[in-house]
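A look at the structure
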Amino acid sequence: MSQGYASTVLGYTALGLRKYWSGVHEALRKRRWEAERERRISAYRERYAVRKLHMGAGPSRLTGWLDTDLAPCLDSIMYLDVREPFPFADSSFRYVFSEHLIEHLTYAEGQHMLKECRRVLEPDGTLRVATPNLLRLLELFEPSLPQSGQRYIDWTLSRYHLPTCSSPPCFVLNNFMRAWGHKFVYDPVTLKAAVESVGFTKTDFVAPGESDDTELRGVEFHGQEIGEEYNLFETMVCEARA
């Protein structure tokens, strides 16, 4: 066996071992999160009469809500994979909220999540989904682009170091559709149809931070990350009753 061939074999072996142990570590971490989940759910139910589920929390926390995420970055956030059956009984929550989560799922995965949201909501409970609005991105190509749209283009080109060319909206749209693991970006008609197809009714669209229900006002965090002006431009919020 030549020295070069042996080095190659050893390199692939080391890579395989790293992947193997990474997988083992991830499986153990998921098992630990799942083991803690029942305790967290029980403690939350005992503490709050009006129960509220926050999915895809990231680093943000909402007082009085059960904060969950696929990869919890804080000890106070519970593990939840929305692509799997939710570990909650039927009619467990009065409110369910997600912000910039559903676009990271395929359409089929999104439908599964919405069905589970419908199942775990109390009768007449409310779902709130904040997600990018595809129509706003397509409006960037319109000749009569408002100043808010031009500022969004300029901000995106600068923030993500995109090329400047004769058609900046093309780079903005491609960046948005491919970055951050986005898999399916909705327009209002498609989101409304997806929500209502699993049994929700009384579907309305509101601006981020706004709601007729005081429990749902000011729950979004995305504007703090990218700036309120740009969040208002790109984000739509759908509220629906179970």
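A brief structural summary. In this text the structure is predicted, and so the values were computed from the model without any measurement.

About the thresholds
- Residues numbered from 1 in each chain as written.
- Predicted model: local features only at pLDDT ≥ 70, side-chain atom pairs only at ≥ 80, totals over all residues.
- Heavy atoms only, no water.
- Helix = DSSP H or I, 4+ residues; strand = E, 2+ residues; numbered from the N terminus.
- Buried < 20%, exposed > 50% of the residue type's maximum accessible area, 1.4 Å probe, protein only.
- Contact = heavy atoms within 4.5 Å.
- Salt bridge = Lys/Arg side-chain N within 4 Å of Asp/Glu carboxyl O.
- Patch = residues over 30% accessible without salt bridge, like charges linked within 9 Å, V, L, I, M, F, W, Y side chains within 5 Å.
- Areas by Shrake-Rupley, 256 points an atom, 1.4 Å probe, with all protein chains shown as cover.
- Pairing = 2+ DSSP bridges.
- 1 Å grid on protein atoms, 1.4 Å probe; cavity = no way out; pocket = protein on both sides within 12 Å on 5 of 7 lines; lining within 4 Å.
- Points joined across faces, edges and corners; volume = space filled by probe spheres on them.
- Arc of directions from axis to C-beta.

It is worth spelling out the overall build of the protein chain at this point. Scanning the protein chain for helices and strands turns up eight helices and seven strands. Counting all 242 residues of the protein chain, 43% fall into the buried class. Considering only contacts within the protein chain whose residues lie at least 6 apart along the sequence, 69% involve residues at least 24 apart.

All right, on to the pattern of salt bridges then. The full count for this structure, using the stated rule, is 13 salt bridges. One salt bridge in this structure joins R119 and E116, with 2.9 Å as the shortest N-O distance. One end of the pair is R119 and the other is E116, both in helix α2 (residues 107-120) and three residues apart, which spans about a single turn. A relative accessible area of 26% means that R119 is categorised as partly exposed. A salt bridge links E220 to R128; the nearest nitrogen and oxygen atoms lie 2.8 Å apart. Taken together, the residues E220 in the loop between β6 (201-206) and α7 (222-226) and R128 in strand β5 (residues 121-132) connect sequence positions 92 residues apart. Taking relative accessible area as the criterion, E220 reaches 10% and is therefore assigned buried.

Once that is clear, we can look at a nonpolar patch on the surface. On the surface, L135, L138 and F141 cluster together into a nonpolar patch covering about 260 Å² of accessible area. Relative to the elements of secondary structure, L138 occurs in helix α3 (residues 134-139). Exposure remark for L138: the relative accessible area of 39% places this residue in the partly exposed category.

So, about the side chain of R40. Along the chain, the position of R40 falls in helix α1 (residues 3-47). The exposure class assigned to R40 is buried, which follows from its relative accessible area of 18%. When residues no more than four places from it in sequence are discounted, the contact partners of R40 are D75, S76, I77 and M78.

Moving on, we get to the pairing of strand β2 (residues 65-69). Taken across its five residues, β2 has five buried, putting it largely inside the fold. Taking every second residue as pointing to the same face, both faces of β2 are buried, with W65, D67 and D69 on one and L66 and T68 on the other. Relative to β2, strand β1 (residues 52-55) is paired through three bridges, and the arrangement is parallel. Bridging from a neighbouring strand, L53 pairs with L66 of β2. With two bridges connecting them, β2 and strand β3 (residues 78-79) associate as parallel partners. Across the sheet, T68 pairs through a bridge with M78, a residue of β3.

Let us now look at the layout of surface pockets. Quantified by volume, the largest pocket comes out at close to 830 Å³. In this structure, the largest pocket is lined by 36 residues; those nearest its centre are G56, E99, H100, L101 and H104. The set of elements that each furnish at least two residues to the lining of the largest pocket consists of β1, α4 (147-159), α5 (168-178) and α7. If you tally residues by element for the lining of the largest pocket, the top one is α4, at four residues.

Okay, α5 next. Structural remark: α-helix, 3.6 residues per turn; residues separated by three or four positions point the same way. Among all positions of α5, only P169, V172, L173, N175 and F176 are buried. Seen from one end, α5 has its buried residues packed into an arc of 165 degrees, which puts them on one side. Packed against the buried residues of α5 are β5, α3, α4 and α8 (228-234). Just beyond α5, the residue with positive phi is W180, at close to 65 degrees.

A word on the environment of E84. Checked against the element boundaries, E84 lands in the loop between β3 and β4 (93-99). A sequence separation of 32 residues divides E84 from E116, and the C-alpha atoms of the two residues are 9.0 Å apart.

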